[in-house]
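# Residue-level structural notes
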Amino acid sequence: MMNRLVIDVGSWITKICILGSGVVLTEATCVALSDEVDGVVTIKAFGDTARALSGRAAQNTRIVNPVCEGDIVHTKLLGELLKHFLYKIEITPRKAKTTEIMFVIPCSATRELRDKYLEIAAECGVGRVYFTRTPFAAVLGHNVTLSDTAPVFCVDVGYGKTDISVFSLDGIILGFTANLGGGNIDVHIIDLLADNYGIRIGALTAEKLKNVVGSLYEDENKINVVIGRDAATGEPTQVAVNSSQLYDVIRLYVDKIIEYVRAVLSELPAEVASAVVNGGVYLSGGLSKMDGFAEYFAAGLEIKVNTCEEPALASVIGGCTVLSSPYLCSKAATVN
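The model shown is predicted, which means the values in this text are computed figures rather than measured ones. (Residues numbered from 1 in each chain as written. Predicted model: local features only at pLDDT ≥ 70, side-chain atom pairs only at ≥ 80, totals over all residues. Heavy atoms only, no water.)

### Observations regarding helix α8 (residues 243–267)
The end-to-end C-alpha separation of α8 is 35 Å, in line with the 36 Å expected for 25 residues at 1.5 Å each. V249 marks the point of greatest bend in α8, at about 25°. The set of residues buried in α8 consists of S243, L246, Y247, V249, I250, Y253, V254, I257, I258, V261, V264 and L265. (Helix = DSSP H or I, 4+ residues; strand = E, 2+ residues; numbered from the N terminus. Expected span 1.5 Å × (residues − 1). Bend = angle between axes of the 7 residues up to and from the residue. Buried < 20%, exposed > 50% of the residue type's maximum accessible area, 1.4 Å probe, protein only.)

### Concerning the sheet that holds strand β15 (residues 223–230)
In spatial order, the strands read β14-β15-β16; together these three strands make up an open sheet with antiparallel pairing. Edge positions in the open sheet fall to β14 (199–200) and β16 (236–242), since each of these has one partner strand only. Judged from the two bridges that link them, β14 and β15 form a sheet pairing that is antiparallel. What sits directly across from R200, in β15, is R229. Its contacts with the sheet put helix α7 (residues 203–213) on β15 and β16, and the angle it makes with β15 is roughly 165°. (Pairing = 2+ DSSP bridges. Contact = heavy atoms within 4.5 Å. Axes fitted to C-alpha atoms, helices over the stretch in contact; angles between N-to-C directions.)

### Concerning the environment of H74
With respect to the helices and strands, the residue H74 is situated in the loop between β8 (71–72) and α2 (75–88). Residue class for H74 comes out partly exposed when judged on its relative accessible area of 36%. For the pair H74 and L313, spaced 239 residues apart in sequence, the C-alpha separation works out to 24 Å. Leave out the neighbours within four places in its chain, and H74 touches V64, N65 and P66.

### Section: the packing of aromatic side chains
Evaluated as defined, the whole model comprises seven aromatic pairs. Every member of this aromatic cluster is reached through a ring pair, and the members are F103, Y117 and F131. Directly above the ring of W12 sits R51, whose terminal nitrogen or CZ lies 3.6 Å from the centroid. (Phe/Tyr/Trp six-rings, centres within 6.5 Å; stacked < 30°, edge-to-face > 60°. Lys NZ or Arg CZ within 6 Å of the ring centre and 35° of its normal.)

### Focus: the pairing of strand β11 (residues 152–157)
For β11, a buried count of six out of six residues is recorded, marking the element as mostly surrounded by other parts of the structure. Every second residue of β11 is oriented toward a common face, with V152, C154 and D156 on one face and F153, V155 and V157 on the other, all of them buried. Note: β11 against strand β12 (residues 162–168), six bridges, orientation antiparallel. Residue D156 lies in a different strand from β12, and its bridge partner there is D163. Counted between consecutive antiparallel strands, the loop separating β11 from β12 contains four residues. Where β11 meets strand β17 (residues 281–284), four bridges bridge the pair, whose relative direction is parallel. Counted as the bridge partner of V155 is L283 from β17.

### Notes on the packing of helix α6 (residues 182–197) against α8
Remark: α6 packs on α8, axes separated minimally by 10 Å, with the N-to-C direction vectors making an angle of 145°. Here α6 and α8 pass one another in a crossing that is right-handed. Here α6 contributes N184, I185, H188, I189, L192 and Y197 to the contact with α8, which in turn contributes Q245, L246, V249, I250, L252 and Y253. Taken together, the residues of the contact of α6 with α8 sort by class into nine nonpolar, three polar and no charged. (Left-handed = near helix turned anticlockwise from the far one by under 90°. Nonpolar A, V, L, I, M, F, W, Y, C, P; charged D, E, K, R; others polar.)

### Here we look at the pattern of salt bridges
This model, assessed by the stated rule, comprises 13 salt bridges. Two residues, E123 and K83, come together in a salt bridge whose shortest N-O distance is 3.5 Å. Note that E123 is positioned in helix α4 (residues 111–123) and K83 in helix α2, a separation of 40 residues in sequence. D163 is the partner of K161 in a salt bridge, and the nearest nitrogen-oxygen pair spans 2.9 Å. With respect to class, K161 is no different from D163; both count as buried. Residues participating in the shared-partner salt-bridge network are R4, E100 and R128. (Salt bridge = Lys/Arg side-chain N within 4 Å of Asp/Glu carboxyl O.)

Okay, structure coming up:
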């Protein structure tokens, strides 16, 4: 029996969806390594287990993200990570031979990036590989019917990148990938707490803080107590952080994304611009589920914003829609 699945490898989270079964895995795109001993580096943990060691691991342990801003920076490590994930969802090396995988790749993915995925798939023993681009998959994850003649506008805001694209089934009209996403906000939150409150926190705490109290409602007042280390003494300490304290940090990066979106809109031919303004922008990606994000985006662009129930999973779910349809595969996928 042929196994068919879609994999969306993000800078922070990897999602896997099996055709007919739905999303079966969402885990950190992360590997924990030991320091080199006699020329050998050992993998200590994968995925969520590795991410949990961030900031808590022994001195001889390094936490590595093999994907950065949508690009594969450690091909071998990502190959080992995907082998682990496939085994976890019961795609054994024997089953891999009869497995088809569709990778969801950024809007501006190069031939070099596709070659890296092909190398990894071959290492995993996968039978056949397809590619589809994030905008096509994400909009299909909204249950939108695409056509050759009706252009749509998608903004997918991830951890390490943002894909901005106007396209139809006939192809991408205009689009690019910006190296900007939720990870930039996390870094700024770390700096904010160190500079203003004298407390040092790690990436996991910053991400949790963003997700728990982060909001683009100006009058929001959610509170979370953060535990870290005193920047001066190194002693454990804690501080209560509320939504208003993070508002300007979050707004700074969302405003930059809106700037990029405006630039794309300004370059569109008049007929295409009219169509996408009438249809609105389709939002996906993990950051877009933040409280107030859609409303802030709509106000900033002065156009309608379309959201879905699970924006972080839209692209991997939409990828399954592509993979299940020979017609959509012929239009929105590349077979290798």
